Amino acid sequence: MVESSSSHPLRPLVWRLALGLGLGLALFAGETWWLLRSGLVGVDIPVDGPYAALSAAVRPVLPGLLARVAAVYVVAGMGLAAVAWALARVLGRGGVLATLAGWLGLALLLAWDRAIARPALFDDLPAVRPVLAWLVDHGEPWHPRLAAGLLALLHVGVWLYRQDTWRRRARLGGAVLAGGVVLFVATRAGGWVASDKHPLVVLIGIDAFRPDRLASLGGTRAVAPHVDRFVAESTLFTKAYTPVAQTEPAWRSLLTARWPHETGVRYALTAESRMQLQPTFAETFARAGWRTVFATDCSRFHAEGPSSGFATRLQPPRGAVNFLLEKLRYRALGVFADHALGAAWVPEFIDNRALAGIHDPMGYAERLTSRLLEEAGQGPTLFAFHATAAHFPGDPVHPFYRRFVSASEPLERRLRMHFAPVSPGAKGGWSREGAEALYDELIAQADAQVGLMLEALRRSGRYDDALIVLVSDHGESFHEDRPDLAGATPVHGARLSELENRILLAVKPAGGRGATPATLDSLVRLVDVGPTLLELSGLPALSGADGVSLGPLLRGETAAPLALYAETGFTHVSPEVFDEGHWPGAPRAFDAYRIRPDGVVELSDTAHTAVVLEKDRGAYDGQRWWVDRPRADGSVLRVCTGDCEGLDALALEAWLDAVQGRTGAGDSRKVAGHVDDPRHPVPSGTVRPSQQLLRLRPGQHPGPAHPQPRGG
């Protein structure tokens, strides 16, 4: 194609931009067709039954959401077309076909780079699976970047050769070299330098982090080097526990310093009407004039609202829209929009862990770190971050997907979490070793995110004077005590146990650890974190809190021993799997939930009643567990494990009774040896509301032969 010399110099570019616009729209249409073909619920597909409310909730927001997605495709298509046309012009081939070929080549180059960085972006496309498998095994990030560099050098060389004189060529070449040097120096000289050092408190929660992954506690793999470095500079509480091993109720207990039955949040997706609003430590910071920020990249089962006390909450949308987004996997967003501009335009996709491959966890951590330093420079700041890499979809990025999972495993298990039934003998082709290896890769990925944040604080000069706490909300069970469940989906919140309830807790006070021991073996609880932050920051304590400040322990003082109250959450696993004869009355289906008109997903009233009655509830003091387990026959079996004789055992049992029945707002009250809950009548045919209490100590046979009155 020959362009007329009399035409406007920008006319060819306008036509190429129009071509790019058309290509972008065509790509958007193609991906939309693929999503519809895959059975996307709620988008021009008739739905009924329990999905009707979901469809009704998401339809109003879809047009605007899809319009913004389409805009990304249009802008990216036009940008690629402009670059392709410019490159083709350098070679003397500025025609439409040359531009089209260049457009496709650049798009493939970007896809090549992303396939190595985040292979889950393409893992469900059968046509590219052989190529993807090779890239997962052999690809390196520098491969596509080298190809891009060579392509750029080729075009620069051709362009210089076409200049009129060698002098001009040399001058231009020198300018290019100087520009490269300046760019290199600028990128290496980056970093924040704090001018005004306002008080700073940083709370980092790593979801599902098991303390046994720490090198200092016997971890055999280098899973979390950044956390290990932080632990070496802080005080590690080796016996820290959560009152409930599920994220949303655990964080509510953390914020309020109260047990789950006092917060009203006792499982994920608790209805707001059931929350018993209590003061939070974030509210205390805010009243004292601090900036308060909470951030997470996953809000499907943990979203913080205004009652959390955080003035700024950076999180994906809550409710039905977020569940829909899991289906809206527009892959080109992960290719074209995985940067700060894309995150600002479509944060529901780019800063949302629910979208495998589209979400860039390391880029997200870099942007969040910039926000942390920006907030800290404007005044006293409380900044809380919940890192969720170890949760579904569980897609490790480069280089973590090569760390621990064997290369002999099927591709789908190397790139995303694998679900297998949690039932005896149902191994699903997976192994416990494989499941733990993937977990370790995801923990390593979360560790890298935390490392970015901590290193930025060090470079900015804010690390030493900041109060920093690292904590996990719960552990993770791979059914180590059940060989018949080997390879089943790991779980947390299903049992009261060391694996699920023990957590990471490390504290670095402002100014450093000082003379405080590197490790403390006293039993502490997640509910103690808030009171500790308040005391160390010189702020008033929360009134009526169950948690206490760990400040005395951090100062090397003695403190009264503590006990943990804990209860199970609500998981996809029936408690009968772990405890034969346990009452399994809670429904585990989609219709157990309701969708409010605003799209928020909540557990229904009927399901709530059953979930609360199904819970195990217990107390732990570091030596023994007392646990109440509801039975299918209507009784409650109280089981003790550990050292169950003597005054300490009796004192802990009495404390468990007191915690469960001490307030009128609690879910249970003591009535002559029975557990009764008049506020939540149970539908007939499920379980008797009056439950006889049985006690079982080690060595005794479980059954009705050992009934004893409560508190005896």
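Scroll up a little and you will see the structure.
Residues numbered from 1 in each chain as written. Predicted model: local features only at pLDDT ≥ 70, side-chain atom pairs only at ≥ 80, totals over all residues. Heavy atoms only, no water.

Q: Account for the overall build of the protein, with residues named and values stated.
A: The helix and strand inventory of the protein stands at 23 helices and 18 strands. Relative to its 712 residues, the protein shows a buried fraction of 53%. Surface summary for the protein: the accessible area is close to 29,900 Å², and the carbon and sulfur share equals 62%. (Helix = DSSP H or I, 4+ residues; strand = E, 2+ residues; numbered from the N terminus. Buried < 20%, exposed > 50% of the residue type's maximum accessible area, 1.4 Å probe, protein only. Areas by Shrake-Rupley, 256 points an atom, 1.4 Å probe, with all protein chains shown as cover.)

Q: Lay out the packing of helix α8 (residues 225-232) against helix α18 (residues 432-460) in plain terms, naming residues and giving numbers.
A: Put simply, α8 and α18 touch, their axes get as near as 8 Å, and they point 50° apart. Our classification of the angle between α8 and α18 gives oblique. Between α8 and α18, the residues in contact are Pro225, His226, Val227, Arg229 and Phe230 and Asp447, Ala448, Gly451, Leu454, Glu455 and Arg458, respectively. Within the contact of α8 with α18, the residues separate by chemical class into five nonpolar, two polar and four charged. (Axes fitted to C-alpha atoms, helices over the stretch in contact; angles between N-to-C directions. Parallel < 35°, antiparallel > 145°, perpendicular 65-115°, else oblique. Contact = heavy atoms within 4.5 Å. Nonpolar A, V, L, I, M, F, W, Y, C, P; charged D, E, K, R; others polar.)

Q: Tell me what's going on with the layout of surface pockets, and back it up with residues and numbers.
A: Of the pockets and cavities examined, the second largest pocket occupies roughly 670 Å³. If you trace the second largest pocket, you find 22 residues lining it, with Leu27, Leu108, Ala111, Phe122 and Leu125 closest to the centre. Examining the composition of the lining of the second largest pocket, we find that seven residues originate from one element, helix α4 (residues 96-117), more than from any other. Residues that form the lining of the second largest pocket fall into these classes: 19 nonpolar, one polar and two charged. (1 Å grid on protein atoms, 1.4 Å probe; cavity = no way out; pocket = protein on both sides within 12 Å on 5 of 7 lines; lining within 4 Å. Points joined across faces, edges and corners; volume = space filled by probe spheres on them.)

Q: How would you sum up empty space enclosed by the protein? Please name residues and give values.
A: Summed over all chains, the structure comprises four cavities of 30 Å³ or more. The volume enclosed by the second largest cavity comes to roughly 100 Å³. Forming the walls of the second largest cavity are 15 residues, and the residues nearest its centre are Ala494, Thr568, Gly569, Pro575 and Glu614. When grouped by side-chain class, the residues that make up the lining of the second largest cavity number five nonpolar, six polar and four charged.

Q: So what about the packing of aromatic side chains? Which residues, and what values?
A: Taken as a whole and judged by the stated rule, the model has 15 aromatic pairs. Look at Trp251 and Phe294: their rings are 5.4 Å apart centre to centre, the planes differ by 70°, and that puts the pair in the edge-to-face class. Of this pair, Trp251 sits in helix α9 (residues 247-256) while Phe294 sits in strand β3 (residues 291-296); the two residues are 43 residues apart in sequence, bridging distant segments of the chain. Phe294 shares its class with Trp251; the two are buried. Judged by centre distance (5.7 Å) and plane angle (40°), the ring pair of Phe294 and Phe310 falls under tilted. With Phe294 in strand β3 and Phe310 in the loop between β3 and β4 (312-314), the pair connects residues that are 16 residues apart, well separated along the chain. For the pair formed by Phe294 and Phe310, the shared burial category is buried. The rings of Phe28, Tyr73 and Tyr330 are connected pair by pair, giving a single aromatic cluster. Over the ring of Tyr463 we find Arg458, and its NZ or CZ is 4.3 Å from the ring centre. (Phe/Tyr/Trp six-rings, centres within 6.5 Å; stacked < 30°, edge-to-face > 60°. Lys NZ or Arg CZ within 6 Å of the ring centre and 35° of its normal.)

Q: An account of helix α6 (residues 142-161) is requested, with residue identities and associated values reported.
A: In this model, α6 (20 residues) spans 28 Å end to end at C-alpha, consistent with the 28 Å of a helix rising 1.5 Å per residue. Listed in full, the buried residues belonging to α6 are Pro144, His155 and Leu160. One side of α6 holds all its buried residues, which, seen down the axis, span an arc of 145°. Relative to its buried face, α6 has exposed residues pointing more than 90 degrees away, namely Trp142, Leu150, Leu153 and Tyr161. (Expected span 1.5 Å × (residues − 1). Arc of directions from axis to C-beta.)

Q: Explain the pairing of strand β15 (residues 636-642) to me, and be specific about the residues and the numbers.
A: Within β15, five of the seven residues are buried, which leaves it mostly tucked inside the rest of the structure. Where strand β14 (residues 624-630) lies against β15, seven bridges are found, and the strand directions are antiparallel. Residue pairing across strands places Trp625 opposite Thr641, the latter belonging to β15. Here β14 folds back onto β15 in antiparallel fashion, the turn holding five residues, of which Gly634 has a positive phi close to 95°. (Pairing = 2+ DSSP bridges.)

Q: Before we move on, can you summarise the nonpolar core with the specific residues and values?
A: In this structure, Leu328, Tyr330, Leu333, Phe349 and Ile350 are the most contacted members of the largest nonpolar core, which totals 50 residues. Of all the elements, helix α3 (residues 62-90) adds the most residues to this core, at ten residues. Among all residues touching Ile350, those that are not within four sequence positions of it are Leu333, Ala337, Asp338, His339, Gly342, Ala343, Ile358, His359, Asp360 and Arg367. If you look at the next biggest cluster of nonpolar residues, it comprises 46 residues, including Ala208, Leu236, Leu373 and Tyr463. (Core = buried A, V, L, I, M, F, W, Y, C linked by side-chain atoms within 4.5 Å.)

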